[in-house]
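Overview (structure and organization)
Residue-level listing of the chains:
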Amino acid sequence: MKIKVRVSHDKDTKYAYLICKKIEESARIRGTGIAKKDPEYIKSKMINGDAIIAFFNEELAGFSYLDVFQNKEFIVNSGLIVFPKFRKKGLAKVIKIELFKLSKKKFPNSKIFSITTSNPVIKINTELGFKPVSFNELTESKKFWNGCKNCKNFDILMRNNKKMCLCTGLLYDPKNYQKINKIKLNQGDKIVLAYSGGLDTSFCLKYLIQENYEVHTVIINTGGFKKYELDKIQDRAISIGSKSHKTIHAIEEYYQNCIKYLIFGNILKNDTYPISVGSERIFQAIKIAQYASFIQAKAIAHGSTGAGNDQIRFDIAFQIICPEKITLSPIRDMNISRKDEIKYLQNQGISICWDKAKYSVNKGIWGTSIGGEETLTSYSDFPEEAYLTRLGKKKSENLELEFEKGELIGVNKVKGKAVDNIIKIEKIASEFAIGRGVHVGDTIIGIKGRVAFEASAAIIIIKAHHLLEKHILTKWQIYWKKQLSDWYGMLLHEAQYLDPVMRDIEKFLKSTQDRLTGIVNIILYPYRFHLVGIKSKFDLMKSSNIDAKYGEVNHAWTSEDVKGFTKILSNQMKIYHKLKKNLKND
């Protein structure tokens, strides 16, 4: 069927009697509502262009109109009807939206209201920005309320002094949206685009330029890029038409404000994935928002699709840090496919072999995530050739990590900055193809997602740090730290990094690291590693710290001490089972 929804005109008056008849029939079936409309009144609305009329294949299918009250202070959207054979096709929503647009266009400063008993209409109006209100916030016009006389519930309205009835009052006040509506993009306005140099962001760059905006690209380097790669990205941005390109190096800042706490918390999403992308993406979004404010851009754009987590991370950061700026997401907004992006760029003379890239790769200092056709299924294995690294060493090798107050300060007896140590471990361990996996988790938008990853440094560091904690922290420190660490990882993944509770959890995590100093010995093998043991002056297992060893002779207590201890420890359980036995025998 072919749908056509438009503003009415004088030639539509021939439908007035039919529309009034259908409104009356519909009201009678519902058992409520205003049953009668005057055909001559409906004709006047059509002639004045104050109505929306809909057709399916040239057959009349629906109608609605607007009316003016209190010297244009209030506009009512009324008389919505969809003929029975055309219902449940979304037509009512289309008519409501078009009438809403017409009302705002003709009377931009007027309040728009509606009263209805229809839940679907209430839902549509709410999505358009209407708010439920009491009747005393609506028009005082006697003409309007007299129109309710034809309704079978008019006596209810009058008994309540026109303050309430079975209908719900809904109001759209343009003053509440003035600030939002005032910010509009014009040709030549400055836009900052988060640019990675890949297909999606290259499409966004060319598209926004074609729309006659002044586009400035920026990339936030949180690790994973070599200098020649960053140079190549800059050259591509400029060649496509970016007004300027900025590379912001933020690896150390990323470590100090994020990675450090992922280590302190031994955080692996679903005990598997080191949150490589989620941690860096929200941090990149924050830096991009700050840069957009610095160069006084009017809008920020990103290349996220509508199906993943990154769109949420970008949007939230932008809304919090620079709420006055407009957020653009061309691919999400147009719901465009990868194939169409390639075709568009080719038509613009930009022929880069994106279509030959079988896998989508995101590489950073805290790991690499890889998506492909295998990760779109729940069953297919991820092939060896899809991983970025290759097995280069088959003979085992020792690795020694040194921690001080929870931070990695040395690798194989060589001291260095934590960031440099992470890079060094990645280089060593990737030769053994360590740290590979496939993560299955819940996305922010409520669907399951599957992604392959390789993160040798992140996995080794977290596991080594965790082993050190097992020796140094108390049982209850380990227990409660696990609870808060899980929350920290989940909130970080779900773009809640800027919530103040994250700073609270970070303080707790840091406080648990005061004694986290020591050395962890590891053996690397192809595709795996073995945690051998630790050395630390804070080791709670050290024989010099205690008078007993697990499983051996002790000198700290006697056998009678143990008997008394177990008697007290089991007391409540004994009471429970004795009572249970007595009740059973009664």
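Look a little higher up for the structure.
All figures in this text were calculated on a predicted structure; none of them were measured in a lab. (Residues numbered from 1 in each chain as written. Predicted model: local features only at pLDDT ≥ 70, side-chain atom pairs only at ≥ 80, totals over all residues. Heavy atoms only, no water.)

This part covers the packing of helix 10 (residues 251-264) against helix 16 (residues 456-472). Look at helix 10 against helix 16: their axes get within 8 Å of each other, and the N-to-C directions meet at 50 degrees. In terms of orientation, helix 10 and helix 16 fall into the oblique class. Between helix 10 and helix 16, the residues in contact are Leu-262, Ile-263 and Phe-264 and Ile-461, Ile-462, His-465 and Glu-469, respectively. (Axes fitted to C-alpha atoms, helices over the stretch in contact; angles between N-to-C directions. Helix = DSSP H or I, 4+ residues; strand = E, 2+ residues; numbered from the N terminus. Parallel < 35°, antiparallel > 145°, perpendicular 65-115°, else oblique. Contact = heavy atoms within 4.5 Å.)

If you look at the biggest cluster of nonpolar residues, it comprises 75 residues, and the most contacted ones within it are Ile-288, Trp-366, Leu-399, Leu-401 and Ile-461. Of the residues forming this core, the biggest block, 10 residues, is contributed by helix 16. Once residues lying within four places of it in the same chain are set aside, the contact partners of Ile-461 are Ile-263, Trp-366, Leu-401, Phe-403, Leu-408, Ile-422 and Ile-425. One finds Cys-20, Ile-52, Ala-61 and Ile-75 within the second-largest nonpolar core, a separate group that totals 36 residues. (Core = buried A, V, L, I, M, F, W, Y, C linked by side-chain atoms within 4.5 Å. Buried < 20%, exposed > 50% of the residue type's maximum accessible area, 1.4 Å probe, protein only.)

So, about the sheet that holds strand 13 (residues 360-364). Working definition: the strands of a sheet are paired by backbone hydrogen bonds and lie parallel or antiparallel to each other. Pairing in this open sheet of four strands is antiparallel, and the strands run 13-14-19-18 from one edge to the other. Edge positions in the sheet fall to strand 13 and strand 18 (436-442), since each of these pairs with one other strand and no more. Averaged over neighbouring strand pairs, the angle between their axes works out to 25 degrees when direction is ignored. Relative to strand 14 (residues 367-371), strand 13 is paired through five bridges, and the arrangement is antiparallel. By the bridge assignment, Val-361 is partnered in strand 14 with Ile-370. (Pairing = 2+ DSSP bridges.)

With that settled, consider the sheet that holds strand 2 (residues 51-56). Spatial strand order, 1-2-3-4-5-7-6: seven strands in an open sheet with mixed pairing. Among the strands making up the open sheet, the edge pair consists of strand 1 (3-7) and strand 6 (131-133). Going from strand to strand, the sheet's axes swing by 25 degrees on average, the running direction of each strand aside. Alignment of strand 4 (residues 74-82) against strand 5 (residues 111-116), held across three bridges, turns out to be parallel.

Below, the discussion takes up the packing of aromatic side chains. For the coordinates displayed, the defined rule picks out 22 aromatic pairs. Seen from their ring centres, Phe-203 and Tyr-207 are 5.9 Å apart, and the 15 degrees between their planes marks the pair as stacked. Separated by four residues within a single helix, Phe-203 and Tyr-207 lie in helix 8 (residues 199-210), roughly one turn from each other. Seen from their ring centres, Trp-476 and Tyr-479 are 5.9 Å apart, and the 80 degrees between their planes marks the pair as edge-to-face. Note that Trp-476 and Tyr-479 are positioned in helix 17 (residues 475-493) at a spacing of three residues, about one turn of the helix. (Phe/Tyr/Trp six-rings, centres within 6.5 Å; stacked < 30°, edge-to-face > 60°.)

Here we come to the pairing of strand 2. Judged by how many residues are buried, strand 2 sits mostly within the fold: six of six residues are covered. Burial of the side chains of strand 2 extends over both faces: Ala-51, Ile-53 and Phe-55 are buried on one face and Ile-52, Ala-54 and Phe-56 on the other. In this sheet, strand 2 lies alongside strand 1 in antiparallel orientation, the contact comprising five bridges. Pairing of Val-7 across the sheet is with Ile-52, part of strand 2. Bridging between strand 2 and strand 3 (residues 59-69) involves six bridges; their strand directions are antiparallel. Looking at strand 3, one finds that Phe-56 is bridged to Glu-59. The antiparallel pairing of strand 2 with strand 3 creates a hairpin that spans two residues between the two strands, and Asn-57 there sits at a positive phi of about 50 degrees.

Here we come to the pattern of salt bridges. Applying the stated criterion across every chain, the model contains 25 salt bridges. Here Glu-25 ties to Lys-22 by a salt bridge, and the two come within 3.9 Å at their closest N and O atoms. Here Glu-25 pairs with Lys-22, and both are found in helix 1 (residues 16-30), just three residues apart, close to one helical turn. With a relative accessible area of 25%, Glu-25 lands in the partly exposed category. Residue Lys-287 is joined to Glu-253 by a salt bridge in which the shortest nitrogen-to-oxygen separation is 3.0 Å. A residue pair is termed long-range when its members are at least 10 positions apart, and Lys-287 in helix 11 (residues 276-294) and Glu-253 in helix 10 qualify at 34 residues. Accessibility expressed as a relative area gives 36% for Glu-253, which makes it partly exposed. (Salt bridge = Lys/Arg side-chain N within 4 Å of Asp/Glu carboxyl O.)

It is worth stressing that arrangement in space is one thing and function is another; only the former is reported here.
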